[in-house]
Amino acid sequence: MKAVSGFHVVDEWSPLETVLVGIGVGMGAPPRLEDTYDPKSREHVLSGTYPSESAVRAEVTAFREKLKSLGVEVLTPSPLGTNQVFTRDIGFVLGETFIKTAMVEDRAEEQLALTDILADVPVACIMTPPPPVRIEGGDVMPIHGSLWVGYSEDEDFESFTTSRTNAAALKWLQSSFPEWKVRGFQLNKSDTDPRKNALHLDCALGPLGLGHAIIHPEGFKQQRDVDFLIQTFGERKCLFISEQEMYDMNCNLFSVNESTVISSSAFHRINAQLRNWGYTVHEVPFSETAKMEGLLRCATLPLRRSPRS
């Protein structure tokens with residue numbers, strides 16, 4: 001993996017230039033039940049339906065090829081012999097700064113794959129949150145001057161393994177990036193029921209470049225946050241998804257530019273609505289990878305989107 005310079009991300013949909021995409025190499029056999037750390041993976045281990053490495057590799061490879069066909073520079077992490085599919089969680093770019101996340105301990109070794117990509121980046125352009133901050137990239141959404149962050153207050157954060165971003169992260173982001181308006185969204189969590197668990201913000205919310213949003217209202221702990229989203233996008237521009245659709249990861253799409261979206265080929269209702277709204281939708285198979293409670297946004301770490309002219 002080559003080193004990168006010139007990071008730039010200010011939103012979810014400016015034209016994508018460079019992205020780090022997961023590989024699925026080194027997953028090996030399904031994990032032991034005690035080694036799972038999300039309820040959907042746990043469910044599939046118990047039922048014997050946890051995805052094989054070959055199936056996941058085929059899906060992420062097809063995804064990478066689709067991005068390349070759309071003119072995107074696609075980078076991959078150096079193989080570490082572990083599960084390296086969901087690159088979103090190991091870091092994120094905000095403006096011109098790369099932030100290394102403070103993630104769940106079981107996955108911390110995945111960040112070793114960033115060594116090469118950050119090799120030539122000035123130290124001033126890299127930040128690492130201090131303790132007690134905990135934050136993962138799936139919870140962070142830049143929206144042109146606003147920074148939306150999924151999180152858990154202390155009571156939930158201390159109770160649930162699936163609470164990945166804490167209230168301390170909000171305070172750290174506010175102090176470190178005063179030019180951004182940080183807004184927190186409390187998420188509903190469950191360590192045992194994947195249909196009740198919004199693992200990250202991108203499991204319950206999918207903002208889109210033409211002013212639309214896919215929303216799972218029950219993923220949010222506070223009704224005022226759902227009301228805010230409806231007011232922000234307008235009810236007619238919101239597509240509300242069911243508990244089952246959230247479980248299938250229907251919010252977790254990926255924007256290549258403001259009107260081009262990559263989605264799972266299994267999301268028939270979602271894809272039809274997106275096309276009706278005017279989006280170009282490219283479909284890829286991702287149902288096996290989704291069994292690990294992540295989808296297309298989770299598998300991508302955007303490094304550069306075209307700056308606004």
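Refer to the structure above for everything that follows.
Reading the values: rules and limits
- Residues numbered from 1 in each chain as written.
- Predicted model: local features only at pLDDT ≥ 70, side-chain atom pairs only at ≥ 80, totals over all residues.
- Heavy atoms only, no water.
- Salt bridge = Lys/Arg side-chain N within 4 Å of Asp/Glu carboxyl O.
- Helix = DSSP H or I, 4+ residues; strand = E, 2+ residues; numbered from the N terminus.
- Buried < 20%, exposed > 50% of the residue type's maximum accessible area, 1.4 Å probe, protein only.
- Core = buried A, V, L, I, M, F, W, Y, C linked by side-chain atoms within 4.5 Å.
- Pairing = 2+ DSSP bridges.
- Axes fitted to C-alpha atoms, helices over the stretch in contact; angles between N-to-C directions.
- Contact = heavy atoms within 4.5 Å.
- Patch = residues over 30% accessible without salt bridge, like charges linked within 9 Å, V, L, I, M, F, W, Y side chains within 5 Å.
- Areas by Shrake-Rupley, 256 points an atom, 1.4 Å probe, with all protein chains shown as cover.
- Lys, Arg positive; Asp, Glu negative; His and termini not counted.
- Charge placed at Lys NZ, Arg CZ, Asp CG, Glu CD.
- Phe/Tyr/Trp six-rings, centres within 6.5 Å; stacked < 30°, edge-to-face > 60°.
- Lys NZ or Arg CZ within 6 Å of the ring centre and 35° of its normal.

A. Structural detail: the pattern of salt bridges. Overall, the coordinates contain 15 salt bridges when judged by the stated rule. Between aspartate 202 and arginine 297 there is a salt bridge, and its shortest N-O distance comes to 2.8 Å. Of this pair, aspartate 202 sits in the loop between strand S8 (181-186) and strand S9 (205-207) while arginine 297 sits in the loop between strand S14 (280-284) and strand S15 (300-305), placing them 95 residues apart in sequence. Look at arginine 297 and you get buried, because its relative accessible area is 3%. One salt bridge connects glutamate 288 with lysine 291, and the closest N-O pair in it is separated by 3.0 Å.

B. Spotlight on the nonpolar core. Residues Val19, Phe63, Leu67, Ile270, Leu274, Phe286 and Leu296 are the most contacted members of the largest nonpolar core, which totals 41 residues. Every element with two or more residues in this core is listed here: strand S1 (16-21), helix H2 (53-69), strand S12 (254-257), strand S13 (260-264), helix H8 (268-277) and S14. Looking at this core element by element, the count peaks at four residues for H2. Residues Leu94, Leu147, Leu170 and Trp172 belong to the second largest nonpolar core, which totals 18 residues.

C. Examining the sheet that holds strand S6 (residues 140-143) more closely. Across the sheet, which stays open at both edges, the three strands sit in the order S6-S7-S8 with mixed pairing between neighbours. Strands with a single pairing partner mark the edges of an open sheet, and in this sheet they are S6 and S8. Strand-to-strand twist across the sheet, computed as the mean angle between neighbouring axes with direction ignored, equals 20°. Bridge count for strand S7 (residues 146-151) against S8 is six bridges, and the pairing is parallel. Within S8, the position partnered with glycine 150 by the bridge is phenylalanine 185. Relative to the sheet, helix H5 (residues 167-176) contacts S7 and S8, its axis offset from that of S7 by approximately 165°. Against the sheet, helix H6 (residues 223-233) engages S7 and S8, with an angle of about 130° to S8.

D. Structural detail: a negative patch on the surface. Among the surface-exposed residues, Glu153, Asp154, Glu155 and Glu158 lie close enough to one another that they form a single negatively charged patch. Position of glutamate 158 relative to the elements: it lies in helix H4 (residues 154-159).

E. Layout of the sheet that holds S1. Ordered in space as S2-S1-S15, the three strands form an open sheet in which the pairing is mixed. Whereas interior strands pair on both sides, the edge strands pair on one side only; in this sheet they are strand S2 (73-75) and S15. Shown here is a sheet whose adjacent strand axes are inclined to one another by a mean of 20°, direction ignored. Summarising the sheet, S1 and S15 pair through five bridges and their orientation is antiparallel. Looking at S15, one finds that leucine 20 is bridged to leucine 301. Strands S1, S2 and S15 of the sheet are contacted by H2, whose axis makes an angle of about 165° with S1.

F. Broad picture of the packing of aromatic side chains. Evaluated as defined, the whole model comprises nine aromatic pairs. A centroid spacing of 6.3 Å and a plane angle of 85° characterise the contact between phenylalanine 63 and phenylalanine 254, whose relative ring orientation is edge-to-face. Of this pair, phenylalanine 63 sits in helix H2 while phenylalanine 254 sits in strand S12, and the two are 191 residues apart along the sequence. The two residues phenylalanine 63 and phenylalanine 254 agree in class, both being buried. Through a chain of ring-to-ring contacts, three or more aromatic side chains come together here, namely Trp148, Phe185, Phe220, Phe228 and Phe233. For arginine 183, the ring lying beneath its charged end belongs to phenylalanine 185, and the centroid distance is 4.9 Å. If you follow arginine 195 out to its NZ or CZ, it ends over the ring of tyrosine 247, 3.8 Å from the centre.

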